[in-house]
Structures are given as structure tokens and as C-alpha cells.
Amino acid sequence: MSWAVLLGLLAALLLLLLLSRRRARRPGEPPLDLGSIPWLGYALEFGKDAASFLTRMKEKHGDIFTVLVGGRHVTVLLDPHSYETVVWEPRSKLDFHAYAVFLMERIFDVQLPHYNPSDEKAKMKPTLLHRDLQALTEAMYTNLCTVLLGDTTEAGSGWQEMGLLDFSYSFMLRAGYLTLYGVEALPRTPESQAQDRIHSADVFHTFRQLDLLLPKLARGSLSVGDKDQVCKVKGHLWKLLSPARLAPRAHRSSWLDSYLQHLEEMGASEEMQARALVLQLWATQGNMGPAAFWLLLFLLKNPEALAAVRGELEQILLQAEQPVSQMTTLPQKVLDSMPVLDSVLSETLRLTAAPFITREVMVDLALPMADGREFTLRRGDRLLLFPFLSPQKDPEVYTDPEVFQYDRFLNPDGTEKKDFYKDGKRLKNYSVPWGAGHNQCLGRAYATSSIKQFVFLVLTRCDLELTSPDAEIPEFDLSRDGVLMLQDG
Ligand code: HEM
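No experiment lies behind these values; they were computed from the predicted model shown.

Calculation criteria
Residues numbered from 1 in each chain as written. Predicted model: local features only at pLDDT ≥ 70, side-chain atom pairs only at ≥ 80, totals over all residues. Heavy atoms only, no water. Near = heavy atom within 4 Å. Polar contact = N/O pair within 3.5 Å; in protein donor to acceptor, adjacent residues only side chain to side chain. Helix = DSSP H or I, 4+ residues; strand = E, 2+ residues; numbered from the N terminus. Nonpolar A, V, L, I, M, F, W, Y, C, P; charged D, E, K, R; others polar. Contact = heavy atoms within 4.5 Å. Axes fitted to C-alpha atoms, helices over the stretch in contact; angles between N-to-C directions. Parallel < 35°, antiparallel > 145°, perpendicular 65-115°, else oblique. Left-handed = near helix turned anticlockwise from the far one by under 90°. Phe/Tyr/Trp six-rings, centres within 6.5 Å; stacked < 30°, edge-to-face > 60°. Buried < 20%, exposed > 50% of the residue type's maximum accessible area, 1.4 Å probe, protein only. Lys NZ or Arg CZ within 6 Å of the ring centre and 35° of its normal. Core = buried A, V, L, I, M, F, W, Y, C linked by side-chain atoms within 4.5 Å. Pairing = 2+ DSSP bridges. 1 Å grid on protein atoms, 1.4 Å probe; cavity = no way out; pocket = protein on both sides within 12 Å on 5 of 7 lines; lining within 4 Å. Points joined across faces, edges and corners; volume = space filled by probe spheres on them. Salt bridge = Lys/Arg side-chain N within 4 Å of Asp/Glu carboxyl O. UniProt positions renumbered as here; feature names shortened; annotations may be inferred.

**Description of the site of the ligand**
And step 1. With respect to spatial proximity, 21 residues lie near the ligand, and among them Lys121, Thr284, Arg359, Asn439 and Cys441 are the closest.
And step 2. Taking arginine 359, its side chain carries an N or O atom lying 2.7 Å from an oxygen atom of the ligand.
And step 3. Sorting the residues of the shell around the ligand by element identifies strand 5 (357–361) and helix 19 (444–461) as the ones contributing at least two each.
And step 4. When grouped by side-chain class, the residues that make up the shell around the ligand number 12 nonpolar, 7 polar and 2 charged.

**What about the environment of phenylalanine 65?**
And step 1. Mapped onto the secondary structure, phenylalanine 65 falls in strand 2 (residues 64–69).
And step 2. Expressed as a C-alpha distance, the spacing of phenylalanine 65 and arginine 444, which sit 379 residues apart in the sequence, is 31 Å.
And step 3. Residues in contact with phenylalanine 65, not counting those within four places in the same chain, are Pro30, Pro31, Leu54, Met57, Lys58, Val74, Thr75, Val76 and Leu78.

**Some thoughts on the packing of helix 7 (residues 130–154) against helix 8 (residues 164–181)**
And step 1. The geometry of helix 7 relative to helix 8 is characterised by a closest axis approach of 8 Å and an angle of 130° between their N-to-C directions. Here helix 7 is positioned oblique relative to helix 8, judged by the angle of their axes. When you trace helix 7 past helix 8, the crossing you get is right-handed. Judged by residue contacts, Leu136, Ala139, Met140, Asn143, Leu144, Val147, Leu148 and Asp151 of helix 7 engage Phe167, Phe171, Met172, Arg174, Ala175, Gly176, Leu178, Thr179 and Leu180 from helix 8.
And step 2. In terms of residue class, the contact of helix 7 with helix 8 is built from 12 nonpolar, 3 polar and 2 charged.

**Focus on the packing of aromatic side chains**
And step 1. Taken as a whole and assessed by the stated rule, the structure comprises 22 aromatic pairs.
And step 2. Centroid distance tyrosine 177 to tyrosine 181: 5.2 Å. Interplanar angle 25°. Geometry classified as stacked. On the criterion of helical spacing, the pair formed by tyrosine 177 and tyrosine 181 is a turn pair, its members being 4 residues apart in helix 8. Of the two residues, tyrosine 177 and tyrosine 181, both sit in the buried class.
And step 3. Three or more aromatic residues joined by ring pairs form one cluster here, namely Tyr42, Phe46, Phe53, Phe356, Phe386 and Phe388.
And step 4. Sitting above the plane of the tryptophan 238 ring, arginine 275 keeps its charged end 4.3 Å from the centroid.
And step 5. The lysine or arginine in question, lysine 417, covers the ring of phenylalanine 420, its NZ or CZ lying 4.7 Å from the ring centre.

**Some details on the nonpolar core**
Side chains of a nonpolar character, in soluble globular proteins, are inclined to be buried together.
And step 1. Within the largest apolar cluster, 101 residues are counted, with the highest numbers of intra-cluster contacts made by Tyr181, Leu241, Leu299 and Phe454.
And step 2. Grouped together as the second largest cluster of nonpolar side chains are 36 residues, Ala50, Val87, Leu384 and Val432 included.

**Some remarks on the sheet that holds strand 5**
And step 1. Taken together, 6 strands build an open sheet; the order of strands is 1-2-3-8-5-4 and the sheet is mixed. Each edge of the open sheet is held by one strand with a lone partner, namely strand 1 (32–33) and strand 4 (94–95).
And step 2. Bridge analysis of strand 4 against strand 5 gives 2 bridges, and the strand direction is antiparallel. Residue pairing for strand 5: aspartate 95 is matched across the bridge by glutamate 360.

**Remarks on empty space enclosed by the protein**
And step 1. Counted under the stated rule, the structure contains 1 cavity of 30 Å³ or more.
And step 2. Quantified by volume, the largest cavity comes out at close to 40 Å³.
And step 3. Residue lining of the largest cavity: Tyr83, Val87, Ile357, Leu385, Asn429, Val432 and Ala436, and that is the complete set.
And step 4. By residue class, the composition of the lining of the largest cavity is 6 nonpolar, 1 polar and no charged.

**Concerning the layout of surface pockets**
And step 1. When its volume is computed, the second largest pocket comes out at roughly 1000 Å³.
And step 2. If you go around the second largest pocket, you meet 37 residues; those closest to its centre are Gln160, Glu161, Met162, Leu464 and Glu465.
And step 3. Counting residues per element, the ones that place at least two in the lining of the second largest pocket are helix 7, helix 8 and helix 14 (288–301).
And step 4. If one sorts the elements of the lining of the second largest pocket by residue count, helix 8 sits on top with 7 residues.
And step 5. Per-class residue counts for the lining of the second largest pocket are 16 nonpolar, 11 polar and 10 charged.

**Focus on the pattern of salt bridges**
As a working rule, side chains carrying opposite charge can pair if their charged atoms are close by.
And step 1. Enumeration according to the criterion identifies 24 salt bridges in this entry.
And step 2. With a shortest N-O distance of 2.7 Å, aspartate 211 and arginine 208 are connected by a salt bridge. A residue pair is termed a helical-turn pair when its members lie 3 or 4 positions apart in one helix, as aspartate 211 and arginine 208 do in helix 9 (residues 190–219) at 3 residues.
And step 3. Shared partners join several salt bridges into a network, and the residues in it are Asp63, Asp371 and Arg373.

**Looking at the UniProt feature "binding site: heme" (unreviewed entry) in the chain**
And step 1. In the numbering used here, UniProt assigns the "binding site: heme" (unreviewed entry) feature to Cys441.
And step 2. For cysteine 441, a relative accessible area of 28% translates into the label partly exposed.

**A look at the pairing of strand 2**
And step 1. Taken across its 6 residues, strand 2 has 6 buried, putting it largely inside the fold.
And step 2. Alternating residues of strand 2 divide into Ile64, Thr66 and Leu68 and Phe65, Val67 and Val69, and every residue in both groups is buried.
And step 3. Note that strand 1 and strand 2 share 2 bridges and pair parallel. By the bridge assignment, leucine 32 is partnered in strand 2 with threonine 66.
And step 4. Two elements, strand 2 and strand 3 (residues 72–77), share 6 bridges in a ladder whose sense is antiparallel. Each bridged residue has a counterpart across the sheet, and for valine 67 the counterpart in strand 3 is valine 74.
And step 5. Linking strand 2 to strand 3, which pair antiparallel, is a turn of 2 residues; within it glycine 70 sits at a positive phi near 55°.

**Structural notes on unusual backbone geometry**
And step 1. Residue leucine 186 is joined to proline 187 through a cis peptide bond whose omega torsion reads -10°.
And step 2. Along the chain, proline 187 turns up in the loop between helix 8 and helix 9.
And step 3. The omega angle of the peptide bond from serine 390 to proline 391 is 20°, so this bond is cis rather than trans.
And step 4. Mapped onto the elements, proline 391 comes out in helix 18 (residues 388–392).
And step 5. Positive phi, close to 55°, is recorded for aspartate 109, a residue that is not glycine.

Given below as C-alpha cells:
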């Protein structure tokens, strides 16, 4: 046996010994389950179908436990009454951004010099609120008309057939891209709008190729062929979204201008700026399309729900000053008076929004549970909340939790229903699609109004039918658990 082989064997033995040095549960810590494979622990089961795996673990250990997943100890908290404490802990104790930075580097190859997430958040937050939010909402309506109504006019009258996910994702992302990253020219002309349609379709199709590989990319399980594909697609997206290509665009959002200024101030190179802009395209647009898809699908599969939403929209049209074909915006006060559509959206998100709410444990920490128990968390571990399991799919909180009930979030008097109970106690976080606390989604108001405007336009300006109305609703793509919105399998 050569020295090299002997050394290799010794190194492998040492590694195995190190890996099998198992962590022991300390007094006060949650139940610990390391699985049977050293270092990997439960990584395979977790990656394949997190919801089923966590359900099994909950049955075994209760609503708080620590599992080993690919070398990381992850404490999973599944008691919705106890979420509130976690989401309001300061960043010095439970940090949201460390994991976000890891994903940003691993998936989008973004490394920013002097990056300070809190500083970035403080700069970007105002661009998604108040007057800026109103400008975004108005631009989104115009851009939805450009892509949705323009594409259908260009295609001529008569029925066209396409997948519902592709339909919803494509129009939402294209309009969202034009809204945030700007349009060809102002004032818009038929030619500039045609160009907006072509360019945004190119952005969508390229983005979608990357999006489909994201779960594997996040897990580091790309094949050699996939890796080549990811490289090619990223390269194309970096060109499409480079600051030089964006510079001449008209009607850019204040969100884009503030973000570019922030990148410049940090000293990010042009290339790094393009990468960051691709990351932002995903962060801002990656969930609205899938959410709109599920909403339309649930409506098309539930005639009673569709009739109720149509009834609500007809009332709005009756009260409007112009016919729908001449409307250039949907005022916020109209968007705010759609309780049935609001309930449909909440119910859709309850059933399909499956984000991992993840925090890095920065210091040894006491975690008080709502029922009076207290557990200690270890510095360096990760804390994970998975509200998709509980409360969103919890039969104690929602009767028939797997069933879509369009009026689940409506009181008999038509107002929003907000009281849901578990263990006889009212839940504060009864559905958590946007996260909660310090790091709750900053784009939720923009996302909500965009989805509602899309549904309004589809239902009032197009005819939409399922080609196979009796086909079963597709299974979820379970490998996307934690990537916010589930997509169909
Ligand atoms: C249906 C669409 C969307 C869903 C379901 C969604 C959901 C979420 C969730 C679950 C979080 C993490 C919360 C946490 O860990 O506590 C989040 C964070 C965030 N979202 Fe969204 N989001 C959507 C659309 C958007 C849009 C359109 C924008 C911006 C235009 C946006 C901007 C953000 C930002 C900036 C954060 C980070 C907040 C922070 O740093 O504290 N989101 N979102």
C-alpha cells in the first residue's frame, strides 16, 4: 500500500471519527434527534419533502425539537402561539439576514463590499410604501394592460391554449419587471409597448430557466449538465439587467434608483450590480406569479367562489365612472373594498405559501413558550418556524384544512374574519404567508394589489376556461417547500 493511499485512509478515518462525535442534549434544551447518518442526519428526508418529515418529527417529539440537517443543528418550532416571541427578538439574538446572505452568495453569486443588511433595509423600505407604493400600483396596472391585453390582441381573437402557471407567472413577472426596472419609452407608443412585450418576455423566459433549477441550486445538488445551464442562463440575465442596459429605461421605479444608488455607495462593481439586480428580480417577482396561479386555479375549480368574486367585481364596474376598457388605474380605495377577493387571496396563501422562517441563533438564548415552558437555544444553531404546518394546515385551527373555502376569511356580515383559535386561545399569527415581526415582507402591500389587479383584468377583460375542467388539482412540488410559494409538480 502506498503512502498516499495510507494517508488517505487515515484522513477518512479521522473524518468519520470527528463526524460521529455526537452532540448530547443539555438540560433545558429541546428534544434532540440526530438521525442515523453521521453529519448528514436528516438532510435527505428534509430536502425531499420537508412538510411530511416535520409532521413525523412533530408526532415523535412534540412542537419543539432539534434535528441534524447536513451538519447544522436546526431547532424547529411548530407552536403558533409561540411564534410571536421569536419574530420580535432583536437581530443580536436571532438574525434573519445571515441565512439570506448565505443564499445570496450561494445562489446568485452576489458578494457586496461593506454589506450592511439593516442599512439596506432602511434605504429600501420607503420605496415600497405610501406615495411610492401608489406609483408602483398605478404602473403595475398599466404594465399588466400592456403585456396581458397587448399579447392577447396581437394573437388575434379566438381561444389560445397555455399552461395556467405559465400564463400567470409570465404576465405577473413581465409586468412586475417593467414596473420596477422601467419601460422602453414615455409617453408610451404602440411601438414602445410592443418592444416592452418582447423584452419582458425575454427576461421572463430566461429567468424561468433559472427559477426551475433553484431548489437544486440551493441544496448544491446540480448535475454537470444543470451547472452548465445555470452558468449560461445567469450570464444572459446579468447582461439583460446590467446597469448599462437599464440606464436609458424610462419610468424606472424609485425602488430601482434607490437600490442602484445604494450599490454604488457600497462600491459594488458594474458586474456585481448586475448580479444583485438579478437577485432582486427573484426576490421581488418570484412569488407573485405562483400565488396568482393558485388563486386563479382555485377559482376555476370552484364555481361558487368564481361567481362570488365576479359578483364583487361587477359591483365595482357598476359604480365606476368609465367603462372597464377605458380604465387606466384601479384606485387604492377600490382595491381596498374587495372583501371576497381578499378572502380568496388569504385562503390561497394559507394553502400554498410555505416559507421557512429561519433565524440564526447568535447567542445562547432562553426561548419562552406561550404555555409557560422554557427551552434554551444554542449559539450557532438555526431556528426554523414552519407556519405552513401549523397554523395553516392545522385541523384544530381550520376545519378541513386541505379544502379551499373561498369565504374562510369572511365574517357573515362581509367583514374580514380574523379570529381563529388553537387550544381554546385566539391566535395572533393564524396564517403567516408574509412572515411576521421585524422581518415581515416589505412588499406585501405591492404584491397584494398587483395580484388583485391581475385577477381583475383577467376576469373582466378576458375569457378564461380550463381545457380539462375535471382534471385533479396538481400535486405540489414538494422540493420547493421553504422557497415561499409552492409550484405545481
Ligand atoms: C406573493 C408574494 C410574496 C410573498 C408570499 C412574500 C413572502 C415573504 C416572506 C415569507 C418573507 C420573510 C419573512 C421572515 O422570514 O420573517 C419576505 C421578506 C421580504 N419580502 Fe416578500 N413576499 C412576496 C412578495 C414580495 C415583493 C413583491 C417584494 C418587493 C417588491 C418583497 C420584498 C420583501 C423583502 C424586502 C423582504 C425582507 C424583509 C427584511 O429584510 O426584513 N416581497 N417576503
